[in-house]
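# What the coordinates show
Here's the letter readout for the chains.
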Amino acid sequence: KAKTIINFILEEKKEKHPTTNYIWRTREDSRVRSRHAANNGKIFSWDNPPEGGHPGEDWGCRCWAEPVYEGNQEKMGLRQEVIEAYSGLAGVWNTFHFAYHFIFGKGRTVTLSETGHLEKVIQISKEKVFKRVEEQVADRMRLILNGPLFYSTKKSYNFYKAHWVIENGTLSTQTVGKVKKEGNILTLDAETTYNFSDEVTDPISLRQALRGYHSVNDLPDSWYGIIELGVTDLLLGSFYTIKGSWKTKLSGSIYLDK
């Protein structure tokens, strides 16, 4: 009989509170008690009530408990979705195309879309850069708490899987959005612009292979640098820049405390 009573109590508790934890929610108006307003958005356990009890237990309390299911936890975090990226209709450039443009292109800047490598560069960025940007933006959110967010990054990455000519391209990002704080949960609605840039300094990346340089600005500021520029660039063709850009929708929620 004792076991039956215990099972009955556990079943009744499970029916009343289907989850272990809940998020405290208020009506978010002037009538909310200051203590309850401080609890808004925070996660509590049904087995460990905060001071004053659970939502709705205090006299006249209009607060309510939002169940925290396992799926809720999985939804926490920042995520990106590519919303703007023009790939174009061009074929994919191989080494010959990059060299040809160096010799006959007269230094004209080309885009990743024109070379047919934009989609591959975006895919590599998803693997190497997206998570890093999300983590850094999350840290900035915890400093802002409420209000507009502006954040930028710049770093070189290995894009060899796209093509060896652009393997050391530089990727800069600019994130613009708004942070909203509800209790200990921060929510972000933003867009991130990715800008890719790389310089092709000679048709077979000879300078990069021999010296590690991949930019005209990296040459020695001396007659030796001028001679090297003439041999690897000016006598053979003209160095040119490869650029590319795309945008992502960056949104989601994080906890104020890591």
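Provided above is the structure to which this section pertains.
Residues numbered from 1 in each chain as written. Predicted model: local features only at pLDDT ≥ 70, side-chain atom pairs only at ≥ 80, totals over all residues. Heavy atoms only, no water.

### Description of the packing of aromatic side chains
The criterion, for reference: Stacked, edge-to-face and tilted are the three classes for Phe, Tyr and Trp ring pairs, Trp counted by its six-membered ring, which pair at centre distances within 6.5 Å; planes under 30 degrees apart are stacked, over 60 edge-to-face, the rest tilted. Strands are runs of DSSP state E lasting at least 2 residues, helices are runs of H or I lasting at least 4, and numbering of each runs from the N terminus. A simple rule labels every residue: compare its accessible area, found with a 1.4 Å probe on the protein chains alone, to the largest value its type can have, and call it buried under 20%, exposed over 50%, or partly exposed in between.
Applying the stated criterion across every chain yields a total of ten aromatic pairs. Their ring planes at 35° and their centres at 6.0 Å tell us that Y22 and F44 sit as a pair that is tilted. With Y22 in strand β1 (residues 21-25) and F44 in strand β2 (residues 43-45), this pair connects stretches of sequence that are 22 residues apart. Using a relative accessible area of 0% as the deciding quantity, one classes Y22 as buried. Taking 5.2 Å as the distance between ring centres and 5° as the angle between the ring planes, the aromatic pair formed by Y194 and W246 counts as stacked. With Y194 in strand β8 (residues 185-200) and W246 in strand β9 (residues 240-255), the pair connects residues that are 52 residues apart, well separated along the chain.

### Points about the sheet that holds β2
What counts, and what does not: Pairing between two strands requires that DSSP report at least two bridges joining them. Each axis is a line fitted through C-alpha atoms, taken for helices only over the stretch in contact, and angles between the N-to-C directions span 0 to 180 degrees.
Reading across the sheet, the three strands line up as β2-β1-β3 and stay open at both edges, with antiparallel pairing between neighbours. Single-partner strands in this sheet number two, and they are β2 and β3 (64-67). Ignoring which end each strand starts from, the neighbouring axes of this sheet average 45° apart. Both β1 and β2 contribute to a ladder of three bridges, which runs antiparallel. Following the sheet pairing, N21 is matched in β2 by S45.

### Concerning the side chain of T241
Rules: Whether two residues are in contact is decided by their heavy atoms, any of which lying within 4.5 Å being enough.
Considering the arrangement of structural elements, one finds T241 in strand β9. With sequence-adjacent residues up to four places away left out, T241 is seen in contact with T109, V110, S197, D198 and E199.

Note that every value here comes from positions in space, so none of it alone points to a role or purpose.
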